[in-house]
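Tertiary structure, described
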Amino acid sequence: MSNVWSDKLPVVQFRMARPTNQLQKVVEFYRDGLGLRVVGHFENHNGYDGVMLGLPDTAYHLEFTQHVDAVPCPPPSEDNLLVFYMQDLEARDLVVKRLQGMGYDEVEPENPYWKNAGVTIEDPDGWRIVLQNSYFGKKQD
């Protein structure tokens, strides 16, 4: 099976990148709390440090960068979300407890839909993730 999504968009890798001024805390949140693995990193590349974290398939991952002169970046609206669909409720709850143990409690989602089967948590920069116990909108039994 090919990694080609379609004939019109032959993507083989997808990365969401964003800056931070507290790279170590953000990496700890996504690596130690959420459970993503480090799939790459770099230091002092034109004044930037960066870490890529991903799921087991590195074709989909997040990149966080910090400039040597980094200043706090304002987070997006409370409805800009990174949603992780987790079919196993017990596994989802273990991640929630791990994040809570690190000091990251559940926050009220702006859109009440995400409360149906999800838990919304803010990362150190105020960006929100949802740990959703459903798969493409279907709640797991």
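Conventions adopted
Residues numbered from 1 in each chain as written. Predicted model: local features only at pLDDT ≥ 70, side-chain atom pairs only at ≥ 80, totals over all residues. Heavy atoms only, no water. Helix = DSSP H or I, 4+ residues; strand = E, 2+ residues; numbered from the N terminus. Expected span 1.5 Å × (residues − 1). Core = buried A, V, L, I, M, F, W, Y, C linked by side-chain atoms within 4.5 Å. Buried < 20%, exposed > 50% of the residue type's maximum accessible area, 1.4 Å probe, protein only. Contact = heavy atoms within 4.5 Å. Arc of directions from axis to C-beta. Polar contact = N/O pair within 3.5 Å; in protein donor to acceptor, adjacent residues only side chain to side chain.

1. Considering helix α1 (residues 23-34)
Here α1 contains twelve residues, and its C-alpha end-to-end distance of 15 Å stays within 8% of the 16 Å for a straight helix at 1.5 Å per residue. Just past α1, the residue Gly35 takes up positive phi, approximately 105 degrees.

2. Remarks on the nonpolar core
Counting 21 residues, the largest nonpolar core has Tyr30, Leu34, Leu99, Ile121, Ile129 and Leu131 as the members making the most contacts within it. Where this core is concerned, the elements lending two or more residues are α1, β3 (48-54), β4 (60-67), α2 (89-101), β6 (118-122) and β7 (128-132). Top contributing element to this core by residue count: α1, with six residues. Excluding residues that lie within four positions of it along the chain, Tyr30 makes contacts with Arg18, Gly35, Leu36, Leu53, Leu62, Phe64, Leu82, Asp123 and Ile129.

3. As for α2
The end-to-end C-alpha distance of α2, which contains 13 residues, comes to 18 Å, matching closely the 18 Å that a straight helix rising 1.5 Å per residue would cover. Turning to α2, its buried residues are Arg92, Val95, Val96 and Leu99. The arc that holds the buried residues of α2, viewed along the axis, is 100 degrees, so those residues lie on one side. In α2, the exposed residues that point more than 90 degrees away from the buried face are Glu90, Leu94, Lys97 and Gly101. Check the buried side of α2 and you find it contacts α1, β6 and β7. Two to three positions downstream of the cap, the backbone nitrogen of Glu90 sits 2.9 Å from a side-chain oxygen, assigning the N-cap of α2 to Asp88. Of the residues trailing α2, Gly103 is marked for its positive phi of about 100 degrees.

The quantities given are spatial measurements derived from coordinates; they are silent on function.
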